[in-house]
Amino acid sequence: MRLLHTSDWHLGRSFHRVNMLGAQAEFIGRLVATVRERAVDAVVVSGDVYDRAVPPLAAVELFDDALHRLADLGVPTVMISGNHDSARRLGVGAGLIGRAGIHLRTDPSAAGTPVVLADAHGEVAFYGLPYLEPALVKDEFGVERAGHEAVLAAAMDRVRADLATRAPGTRSVVLAHAFVTGGEPSDSERDITVGGVAAVPAGVFDGVDYVALGHLHGCQTLTERVRYSGSPLPYSFSEAQHRKSMWLVDLGQDGSVSAERVDCPVPRPLARIRGTLEDLLADPEQTRHEESWVEATLTDPVRPADPMARLTERFPHTLSLVFDPDRTEDDPDVSYARRLAGRSDQQIAEDFVAHVRGAGPDAHEQGVLRDAFDAVRADETVREVAR
């Protein structure tokens, strides 16, 4: 069975101030063409279809167009909700849409109920695990303490239990939206840290033939059977080195996996350039970036006059301007943002406690801080979905 694995469309999202709807529509066109031209048997979409719980109308219309085009091809599609989606909104009409071969899996309680498709070699069971917000689903899965590994492990127990009841030789595919250990994040993914821990081990998914992951925006192979497709378009300059693509996966009669990457359309290359303003304007090496979307980091010791206006004369598609003067770390003018770069909310809070009282929090106090951050994040998720 040939699968096309994609995820993280983020329909409705812009790139800095650039509307990406046209590029997203071009990607949908490439996806549909690939399904038709490469004899794809099933499409899997591993979450974050939309960029936010209440997407703009134009994004909903593009999604509707994608569903109609996929249904017209007669190729089944299985998709799950991600942490950016409203699971309840995305799942509206799932039963009816399923009759057209578009299978929306947004209900955590149905984790062990697969979409079953068949080819000449028998059945393939597709299990959709939508994004599992631990604080909201821990009771459903009977786990004592909310955590990504605990709820995903419980969901996978249901998958394996159902798979054990099926005919010998039944192949299996799991769609999941999570941060799996070994994956490389980028700046454009929303933080899903719970209890100070975001990642879950790939071993959680043992026992199935292929795991189609979503959430991280870089295309990645964690094992031959566990892969991220990545987002089809860039959504931050940290993705400048990404090759945006989908996985074309052949699932053999014996459950063996072979995969190749299918490139997505590139609306415009990304470039991150760094140096003094005068050097960037004069350096012939930068000519190759003149038609790229540019993030420029200026290292001038004193902020130059009209830097954006001057940069856009040479680089008309400059979207981001960062000031990072070359200074030593002990320079008192090193920015607060630079000192905090790469530190989690938990670490910043612990540093603050150490600063105001002269000693950092003990283990109990660290737990209190973790619980507080988790409660706030879960509350934000509930309020966003309820909008």
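- The protein has the name Nuclease SbcCD subunit D in an unreviewed UniProt entry, where Streptomyces purpurascens is given as its organism.
- Under the heading Sequence similarities (unreviewed entry), UniProt records this for the protein: "Belongs to the SbcD family."
- Recorded under Function (unreviewed entry), the UniProt text for the protein is reproduced unchanged: "SbcCD cleaves DNA hairpin structures. These structures can inhibit DNA replication and are intermediates in certain DNA recombination reactions. The complex acts as a 3'->5' double strand exonuclease that can open hairpins. It also has a 5' single-strand endonuclease activity."

Remarks on the overall build of the protein
Phase 1 of the analysis: Helix and strand counts for the protein come out as 11 helices and 19 strands.
Phase 2 of the analysis: Its C-alpha atoms give the protein a radius of gyration of 23 Å, within 12% of the compact-globule value 21 Å for 387 residues.
Phase 3 of the analysis: Overall, the protein is about 70 × 55 × 40 Å in size when its C-alpha atoms are taken along their principal axes.
Phase 4 of the analysis: Here the protein holds 387 residues, and the buried ones make up 48% of them.

Regarding helix α5 (residues 134-141)
Phase 1 of the analysis: Listing the buried residues of α5 in full gives P134, V137 and F141. Along the axis of α5, the buried positions cluster into a sector of 85°, meaning they face one direction only.
Phase 2 of the analysis: Where the residues of α5 are buried, they touch α6 (148-164).
Phase 3 of the analysis: Where α5 terminates, the next one or two residues include G142, which has phi positive at roughly 65°.

Side note on the packing of helix α1 (residues 21-37) against helix α2 (residues 57-73)
Phase 1 of the analysis: Where α1 contacts α2, the axes come no closer than 10 Å and their chain directions differ by 10°. Classified by the angle their axes make, α1 and α2 are roughly parallel. Residues L21, Q24, A25, I28, G29, L31, V32, V35 and R36 of α1 form the contact with α2, whose own contacting residues are A58, A59, L62, A66, R69, L70 and L73.
Phase 2 of the analysis: Tallied by class, residues from the contact of α1 with α2 come to 12 nonpolar, 2 polar and 2 charged.

Thresholds applied
Residues numbered from 1 in each chain as written. Predicted model: local features only at pLDDT ≥ 70, side-chain atom pairs only at ≥ 80, totals over all residues. Heavy atoms only, no water. UniProt positions renumbered as here; feature names shortened; annotations may be inferred. Helix = DSSP H or I, 4+ residues; strand = E, 2+ residues; numbered from the N terminus. Rg over C-alpha atoms; globule rule 2.2 N^0.38 Å. Buried < 20%, exposed > 50% of the residue type's maximum accessible area, 1.4 Å probe, protein only. Arc of directions from axis to C-beta. Contact = heavy atoms within 4.5 Å. Axes fitted to C-alpha atoms, helices over the stretch in contact; angles between N-to-C directions. Parallel < 35°, antiparallel > 145°, perpendicular 65-115°, else oblique. Nonpolar A, V, L, I, M, F, W, Y, C, P; charged D, E, K, R; others polar.

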